Each structure stands twice: as C-alpha cells, then as structure tokens.
Amino acid sequence: MEFKVLDANGIKIRTAIEGEGPLVLMVHGWPESWYSWRHQIPKISKAGYTAAAIDVRGYGESDKPHEINAYSLKNISNDVIGVMDALEFEKAILVGHDWGAPIVHTTALLNEDRISAVAGLSVPYSPRGEMSQIELFKMVFEGKFFYILYFQKEGEAEAEFEKDMKKGLELTYFSGEWISEKEMDYFVSQFEISGMRGPINRYRALEIDFEDLKDFKDAKLKQPASFITGSLDPVNFFNGVGYKDADDIKNTIGEYYENLVDIQMIEGAGHWVQQEKPEEVNKYL
C-alpha cells in the first residue's frame with residue numbers, strides 16, 4: 001500500500017492505494033478514516049483492482065476547510081471525481097459507508113457517465129424529497145435529544161469530543177471485539193490531527209444539500225447498486241421499526257434504484273459493518 005496526497009477539486013486529499021486494474025474507490029463515514037477500509041483494500045487489490053480509500057475532506061491528512069458550505073455533498077462528490085482524475089481513471093466503482101454512502105450515491109447521481117457501479121454500506125440511497133432532513137428531524141425528535149440536531153450548534157459538539165478524543169470515539173464506536181487497542185490508537189491519532197469541526201460540518205451542511213440537489217428530487221439511482229447492512233445497525237431503526245430481513249429492506253428502498261443488484265443483511269453486525277464482519281463484507285463486495 002502507498003499513500004498519495006492528491007490535488008483534487010482544489011484541495012489536497014490523502015489517498016491509500018494498492019493494486020492495479022479498474023478503480024474501486026472507497027469513502028468512509030463519520031467519524032472515521034481511510035483506515036476504516038483496512039480489511040477491504042488488500043482483498044480488493046488481490047481481486048485485480050486498484051483499491052483506493054480516501055481521507056474525506058476535514059479528516060486525517062486531507063485538507064480541512066473551515067466553512068460549513070465546504071462540506072456539502074456536492075463539494076465532497078467533486079472531491080471524489082477529482083481523486084479519479086488525479087489517479088487518471090475515467091471510470092470507477094464506488095463503495096461508501098455511513099456518510100460515505102450518500103457521498104458515493106450523490107457522486108453517481110451527478111456523474112452517471114463516470115461511475116460504473118456503487119455499493120452503499122449502512123445507509124441506503126434515498127432521493128431528495130419534499131422536506132429537508134433537518135426539518136424532518138426537528139419534527140420527529142421534537143422535545144428529545146437527537147445527535148444530528150445537537151451537532152448543528154457550532155463549537156459545542158467539537159469541544160465535547162476534543163476534551164477526551166479517545167473516550168469520545170470509544171463511545172461512538174461502541175468499541176468491542178472488532179477493534180484492537182492498536183487500531184483505536186490509530187483512529188485517535190487521526191482525529192488529533194484533524195479535530196472534529198470538519199467531520200461535524202458534514203451534518204451542518206444538510207440544508208445546503210437540500211438546495212443543491214433540488215433538480216434531483218425523486219431521482220432514481222441508475223447504476224448497478226448494492227446495499228449491505230448489519231442486522232443490529234441502529235440506522236436501520238430510524239424508521240422506528242427496523243428491518244426483518246433483506247426482502248423487507250428491498251420492499252422499503254427498492255423503488256429508489258433502477259438496478260438494485262444485491263441486498264445483504266449481516267447477522268450480528270452493528271453500524272461499523274465492514275470492520276465488524278470483514279470477511280462477509282468482502283465476500284459480498
């Protein structure tokens with residue numbers, strides 16, 4: 001594996017790269033790192049692909065703009081295309097987890113001719129609707145604590161995390177058997193470099209996304225696509241009831257895709273599915 005700091009979309013994006021062949025570009029979520037794909041990169045490269053995983057802007061050793069609007073899905077999607085250009089690939093298969101899933105879905109939506117297939121982990125594709133996510137969350141969680149609404153106040157969540165970064169990450173990851181002390185130390189080291197403003201700004205850009213994607217209201221994802229989730233992933237329960245199985249998921253999200261090739265629900269896995277159950281995720285990818 002080698003690391004390159006690439007000029008992409010006017011900023012620097014650190015990228016881990018291994019292998020040769022067609023490009024598979026992996027995009028992490030919150031609060032993570034290129035390192036979240038450490039179990040996938042060798043497997044994908046050995047299968048005959050160029051496996052690449054980025055530090056999303058705001059994270060690790062990538063650039064960290066201060067402004068909230070720098071973290072819109074449109075801007076980060078342009079980073080993905082910029083990485084492809086810097087690596088001299090016309091097309092790519094995209095894989096995204098958590099926030100990385102909406103990033104790769106949006107990239108595919110905005111660049112149909114350049115993205116040949118897309119896999120979302122933990123978060124399925126959903127098109128822009130009638131109401132912004134922030135307004136929806138305000139309605140659903142009125143009078144209750146909800147982390148995305150808590151994140152909207154600049155400086156507060158950052159300060160809470162940064163006073164004890166390791167504890168903050170451990171609580172977020174529900175860390176257990178899937179992560180070693182050495183692996184946790186690496187994640188902590190990356191957030192000691194980056195801080196939490198950039199990562200949390202992604203949540204603060206939700207209203208910007210709503211405006212940016214107004215021309216794509218109800219748009220279906222056209223590329224061949226897959227969705228992988230853990231049976232214990234709390235994101236599955238945002239609808240209040242969760243999913244029983246893969247068929248239940250398909251009945252819920254299938255209409256948003258033109259070519260939803262595969263859905264997998266991995267038993268016993270939580271939100272950090274590609275790290276908790278790497279062998280299963282690698283097989284399905």
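Predicted model only: the values in this text are computed from it and were never measured.

1. Observations regarding the packing of aromatic side chains
Following the criterion strictly, the structure yields 24 aromatic pairs and no others. Considering the side-chain rings of Phe137 and Phe141, the 6.3 Å spacing of their centres and the 55° angle between planes classify their relative orientation as tilted. Owing to a relative accessible area of 10%, Phe137 belongs among the buried residues under this scheme. When the ring of Tyr150 is compared with that of Phe151, the centres are 6.0 Å apart and the planes differ by 40°; the resulting orientation is tilted. Note on Tyr150: relative accessible area 24%, which makes it partly exposed. Sitting over the face of the ring of Tyr35, Arg38 holds its NZ or CZ atom 4.5 Å from the ring centroid.

2. Looking at the side chain of His28
Mapped onto the elements, His28 comes out in the loop between β3 (23-27) and α1 (41-46). Taking the relative accessible area as the measure of exposure, His28 reaches 1% and is therefore buried. Within the local environment of His28, its side chain forms a polar contact with the backbone nitrogen of Val56, the two atoms lying 3.0 Å apart. When neighbours within four sequence positions are excluded, His28 is seen to be in contact with Ser33, Trp34, Ser36, Trp37, Ile54, Asp55, Val56, Tyr59, His97, Trp99 and Gly100.

3. Quick notes on helix α8 (residues 181-194)
Relative to the 20 Å expected for 14 residues at 1.5 Å per residue, α8 spans 20 Å between its end C-alpha atoms, a close match to the ideal helical length. Every buried residue belonging to α8 is among Glu183, Met184, Phe187, Val188, Gln190, Phe191 and Ser194, and all of these are buried. All buried residues of α8 project into a common sector of 160° when viewed along the axis, lining one side. Turned more than 90 degrees away from the buried face of α8 sit Lys182 and Glu192, all of them exposed. Backbone geometry just after α8 places Gly195 at a positive phi near 70°.

4. A few points about the pattern of salt bridges
As enumerated under the stated definition, the model contains 18 salt bridges in all. A salt bridge links Arg38 to Glu183; the shortest N-O distance between them is 2.9 Å. In this pair, Arg38 sits in the loop between β3 and α1 while Glu183 sits in helix α8, placing the two residues 145 residues apart along the sequence. Glu183 shares its class with Arg38; the two are buried. Two residues, Lys217 and Asp218, come together in a salt bridge whose shortest N-O distance is 2.8 Å. Here Lys217 falls in the partly exposed class, since its relative accessible area comes to 33%. Taking the relative accessible area as the measure of exposure, Asp218 reaches 49% and is therefore partly exposed.

Cut-offs used in this document
- Residues numbered from 1 in each chain as written.
- Predicted model: local features only at pLDDT ≥ 70, side-chain atom pairs only at ≥ 80, totals over all residues.
- Heavy atoms only, no water.
- Phe/Tyr/Trp six-rings, centres within 6.5 Å; stacked < 30°, edge-to-face > 60°.
- Buried < 20%, exposed > 50% of the residue type's maximum accessible area, 1.4 Å probe, protein only.
- Lys NZ or Arg CZ within 6 Å of the ring centre and 35° of its normal.
- Helix = DSSP H or I, 4+ residues; strand = E, 2+ residues; numbered from the N terminus.
- Polar contact = N/O pair within 3.5 Å; in protein donor to acceptor, adjacent residues only side chain to side chain.
- Contact = heavy atoms within 4.5 Å.
- Expected span 1.5 Å × (residues − 1).
- Arc of directions from axis to C-beta.
- Salt bridge = Lys/Arg side-chain N within 4 Å of Asp/Glu carboxyl O.

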